[in-house]
Structure formats: C-alpha cells, structure tokens
Amino acid sequence: MVNDKKPLLKIEGLKTYFFTENGVVKAVDGVDFEVYKRETLGLVGESGCGKSVTAFSIMRLLDYPGKTIGGKILFKDENLLKKNNEEMRKIRGKEIAMIFQEPMTALNPVLTIGYQISEALMMHFDISKEEAMRRSVKLLKKVSMPIPEQRVNEYPHQLSGGMRQRAMISMAMACDPALLIADEPTTSLDVTIQAQILDLMKSLLQEFNASLIMITHDLSVIAEIADKVAVMYAGKIVEYTDKKTIFHTPLHPYTFGLLTSIPRLDVEMKKLNAISGTVPDPLKFPEGCKFNPRCKFATDKCRKKEPLLIKIEEGHMVRCWHIDKVKKEMRKGFLVGV
Amino acid sequence: MIAYIIRRLLLLPIILIGVTFLIFCMFSLLSPMERLATYVNDPSTLKNPQAAERIIEKYHLNDPFPLGYIQWVKRIAKFDLGWSQAANQPVWDAICQRFPATLELVIYSIVPVILVGIWLGVISAVHHNDIIDQSIRVTAIVGWSLPTFIFGLLVLFVFYGILGWLPPGRLSTWAQDIVYTGTNFHSYTHLVTIDALLNGNIPIFVDALRHLCAPIITLSYVYWAFLLRIARSSMLDTLRKDYIRTARAKGVDEHTVIHKHAERNALIPVVTIAGMLIIGMLGGVVVAETVFTYPGLGFWAATAAQQLDYGSVIGFALLFALIMVVGNLVVDVSYAFIDPRVRLE
C-alpha cells in the first residue's frame, strides 16, 4: 500500500531482550514497521515469536527482566524511548491504548466495571467521579453492552466472556486514543462472539479515527480486519506486506507454511500440512536464518548466513534466500487463492 | 452482603454445640473424683461423703452422658464454670478479672502486627529483591525463627536485666495501690492505660505502658514476621497479574496501581491468615504472660495447668474456643467485604 503521508507509528530496529539467569533471550531483535492513520496492521506469528513483547515495548509495560535496548519507537514523530516514565504514563491509555487477550484476568476482580472504565477517564481528564461514571455508561452503550446503567456497578465475574471483552474495549477507547493495540483480543472467546467483537472493533476504529495493531496467531482474524500484515518469527519480521498479497502470493516459506496449515473445506485434503518441528528455544536460536531447521527449502547458505528483510516489490518485504523456489512451489498450485 | 452475614451467623450455634460437646467429652474422661474437684472450693469437702454427695447431686455428675452434657451446658450458660484453685475464686470471676489485662496486651500487639506486617510486606514486594526488600526479609526470618519463649527471655534479659527499662508485671507497686485500692481512681474499662488517661493520671499511664512494652515487643515481633511473609508473597503474586498490567496500560499512576489495584487483591489471602494469626497469638499470650509474669488469662491458665486445676483449664479452653469461633466469623465477614466474589455466592 503506497502512502506518502507520515506514519502515526514508526518502529525502527526495535530490540527488546530479556536478561534471564540462563542467558539473554532476544525476544524482539530488530523489528521495523509502520502504522498509518486509520490503518490496521496485523502482527502474526506463533506463540513466543515476540509479537506481544513488541506491543509491550511500545507501551513500556515490559516485565522484569525485559529491556528495550535498541531502536526507535516514533509515535507522532516523537521517540517514545526518550520519554521519562511520567510522560510515558500520560501517553498510555490516552494516546495509545491496549486490549488484552483474556478479559477475565485482565479486569480487576475487586473493582466494578464502572470504576475501571471511569478510572481511565479520570487519569487523563480533569473531570469529576460522577461525570466519569456518566461517560462510562455512554461508552458501554457504544460497545453495545446490554443495560449499561446496571453493568457499571457490577464486577467482572458477573459478566459473560463477550461482555467482559466489550467492557475491556470501552475502557481502551475511553480517552479516544490514536492507536489501539489489541493483543489476541478474540482468542479466548467462542467463534460467534469473536465475529461480533471484530465487527465492533472495526466500527469503533472508524468512528474514533484510530489505527490498530492487531496481534494474533489466527489468520482468519487478519483476513477480517487487517490492511497490512507483518509476519514474525523468532523475534524478527520475516514478511511484511498488505493483506491481499499475504493471502495470494506469500513469499516466505514460513508464511507459506502458516497458510497451508489451515484446514480448508473447498479443497480435498488427506492430511493437514503442519509446519514440521517446533518454535526454537529462544536461548538457542539456530545459526543463519532462524527458520532453517523447519524449512523445506533450506540450504547450507540458510544455515550460515541470515538473510535481510529485502524489498521484493513495492510494499512487499521478505526475509529469505530462496524466494524463487517458493514462487515455483506456488505455481504448482499448492496454494489456491483465499 | 447482609444475607451472607446472616448465613454465617446461623452457623454459629452449630459450631458452639460442637465445641462444647468436644470439651465435655474431655471433661468426661476425668475420674469422678477429679470432676467433683472442679466444683469444690475447700479440699476438705472431698473427704466428707455427705458434702461430696450433695455436690454430685447439685451438678448432676452421676447423670448419663447426654443428660450430663445438657446440665453442663445449662450451667455454662449461667456462667457457672466451677472453682479455680489457681486463682482461689470461681472460674468465671477469675476470667472476668484477668480478661481486661490480656485484652489490653492483645490489642496493643495486634495493631503493630497487622499494620506494620502488611505495610512492610507491601513495601518489600514493591521493592522486590533490592536492599530494602532484603533487609526487611532478613529481619522477618529472624523473628519467624525465634520461639516466643526464647525471644521473650531475651527481651526480659536485655530490657529488664541489663537496662532496667521495662519491668515485668502489669503495674509497679505504688501504681497498684492507686489503681486497685485508691479512692480517686475510677476503673471505667479495666484497661489500665485507657483508665489512666480517662482519670488524667499520666504517671500511671506511663507506668502501665512500660510494663506492656516488653510483652508487646515479644508477641508482635514473632507474629509480625509471619504476616509480613504472607503479605509479601501475596503482593508479589498480585503484581504479576494481568489486571495490574491493564491498569498500567490505562495510564494509572504507580501509587494507585499499588494501593488501589494490587493491595486489595493481595489482602484477600492475608485476611484469612491474619484471622488465624490472631487466634494463634492467643497461644503466644500464654507464653508471653508467663515470661513477664503479666497477670492475664494466659499466666493464670499456665499456673492452673501446672496445678492440675481442671476447672480453670476447662474454663480457659471454653473461652478460647469462643474467641476462636468469633474470630473466624470476623475473618469471613471481612473476607466478603474485600472480595465481591464471596458476597454473592
């Protein structure tokens, strides 16, 4: 997608390491991407690939012993890594808000829904408790919460999973943030509720003119909501392009593997094409290309030298030595367009 | 909330029946002569068969077990608990006379235990693994490892034996004369420190406080360390919870994150422990009062136990059982107060 406007968020060479007793875990190791206004970026990858850590690095919510040691996080042209903790606190919730995976554990069990939403408002605006409560009711109405006047006085355990996630979303949208980061917001919900929540998020993004970073391992969520997609593997982006390209002409063997491992109803399949092997131990990443032990195209070159993320065409970047081989494989019709 | 409290209160009689039943079972294990002795204030009565017979008749000591139990409970309800040889007065009077002293000691000990214990536990967790945390933990481990009687003797040795600051007992002799026999001193509450203040008698207040300090230090240090460890680990656990991250993600400041979001959740297990702790402290009271010859319930019970004064021991057991039952009730109610999930079940 060509866009000559300035990006809302631009991440350059972000490095976040965890300094554990057993060694340094390079959870995020040189990640670059951009998010434009009103655009949704999907961050895809398996568990442990660093997608959540990327989000927490942006918010500066890393747990000990995690530390961002390099790169730039430019939000509205200001480097967030240069801000002090108090400045960062004022940005969290107001400018950049976050939605979490498990709404049951992400909501405080001993505080009412109303308090938890109005707290976000009171932290960033100089308004009274009553005014904040009134606005909370309005926000809950916006996320189609049934009987919001009653819900504000209830506790998280009195709500259903879908309602909790709605409350979570209204909390995130409370201060009209420019950027929303959603960390697997639908993973813990059943499929019908998932669709409702995604629809709700789409309409809210439009209403609030907000951008979104959608972190997920679920490609159907990407298909539903994203404009651009960054595929992450072992702390690095391996493919970065728009949604259409990802589903039609993916060029990285990992993306390719992810797509072919989705069970399909329209093509007869004898066996599911799972990616062989497992996610590498973050303490002992393989030499060369991190995906090489699981890659069927891997050669000696892959085992020795790590490829760079290079631009294949306008708006399509891939980190692989053997793009030609992938292209050939694809032409065999292994992958029918989604 | 009210329904929850009522339901808990309805359980109270059932628990009390169980408690009295158990104590009566133990009472029944005593020989007839021993049971008789608990109601006798003059040892010569035991040698007089007619007098003994009269007492057996009066207290239904020969009744079958179920009837005996009912009669026994009836008498307890009328506060007739027998005769205390150790105190040389009826057991109930002995309890009434000593209860304020123990209450005074326990109240003054609980306050630092709970407030300081929880406060330091939270501080320790917030400063996880740095120098503040380490020094708090070392102090706590020392307190936690010391038995009450050893630490009590140590306090007695240092503050009385060497420094002479904190004398044992409850009051100095001159103060006793004023408080117990003086005409100008009114005992409103029987808590000497408070009465002294109400009478405007500062020297008595200071004297009472000096006597209280040593047992308070002994009791609170040991139990404080225990509570601190619980509060610390509970707080550490809570600070790692997802909702703490949510609060920070909303831009909530660190003070509110700790005191509003984390502390209340972390307190839920601490309250349970604190309740048990206060109950456990009653055991510590016996030791501390004995070490400092502080004239409270514990000192009396320990003396009674040494003299095989069953009447006193049973009275003491009944009283502590009652305190324990009420204590647990208070814990449950405060539990519901903190945790909304309990309220609705």
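Attention here is on the structure that accompanies the text. Computed from a predicted model, the values in this text were never measured in an experiment.

1. Re the sheet that holds strand β6 (residues 96-99) of chain A
Residues and elements named next belong to chain A.
- Sheet architecture is open: eight strands sit in the order β6-β7-β8-β3-β9-β10-β12-β11, paired in mixed fashion. At either end of the open sheet lies a strand with only one pairing partner, and these are β6 and β11 (310-313). Taken over all neighbouring pairs, the strand axes of this sheet differ in orientation by 20 degrees on average, direction set aside.
- When strand β7 (residues 179-183) meets strand β8 (residues 211-216), the two strands line up parallel, connected through five bridges. Counted as the bridge partner of Ile-181 is Ile-213 from β8.

2. What about the sheet that holds strand β4 (residues 66-75) of chain A?
All names here are of chain A.
- Here we have four strands laid out as an open sheet, ordered β2-β1-β4-β5, and antiparallel in their pairing. In this open sheet, the two edge strands, each paired with only one partner strand, are β2 (23-35) and β5 (78-79).
- Where strand β1 (residues 9-20) and β4 come together, eight bridges link them in antiparallel fashion. When the bridges of β4 are listed, Thr-16 appears paired with Thr-68.
- The strands touched by helix α1 (residues 51-59) within the sheet are β1, β2 and β4, with β2 carrying the most contacts at an inclination of about 75 degrees.

3. Observations regarding the interface of chain A and chain B
- On the chain B side, the residues contacting the 23 residues of chain A number 19 residues.
- At the level of secondary structure, the elements contributing two or more residues to the side of chain A that touches chain B comprise α2 (85-91), α3 (103-106) and α4 (113-124) of chain A.
- With four residues, the single largest contributor to the side of chain A that touches chain B is α4(A).
- A per-class count over the side of chain A that touches chain B returns twelve nonpolar, five polar and six charged.

4. Things to note about the packing of α4(A) against helix α7 (residues 161-173) of chain A
Residue and element names in this part refer to chain A.
- Viewed as axis vectors pointing N to C, α4 and α7 meet at an angle of 20 degrees, and their least axial separation amounts to 8 Å. Between α4 and α7, the angle is such that the two are roughly parallel. Two packed elements cross with a definite hand, and for α4 against α7 that hand is right-handed. Between α4 and α7, the contacting residues are Ile-113, Gln-116, Ile-117 and Ala-120 on the first element and Ala-167, Ser-170 and Met-171 on the second.
- Residues belonging to the contact of α4 with α7 are distributed by class as follows: five nonpolar, two polar and no charged.

Here is what the cut-offs are and how they apply
Residues numbered from 1 in each chain as written. Chains lettered and ligands numbered in written order. Predicted model: local features only at pLDDT ≥ 70, side-chain atom pairs only at ≥ 80, totals over all residues. Pairing = 2+ DSSP bridges. Helix = DSSP H or I, 4+ residues; strand = E, 2+ residues; numbered from the N terminus. Axes fitted to C-alpha atoms, helices over the stretch in contact; angles between N-to-C directions. Contact = placed C-beta atoms within 7 Å. Nonpolar A, V, L, I, M, F, W, Y, C, P; charged D, E, K, R; others polar. Parallel < 35°, antiparallel > 145°, perpendicular 65-115°, else oblique. Left-handed = near helix turned anticlockwise from the far one by under 90°.

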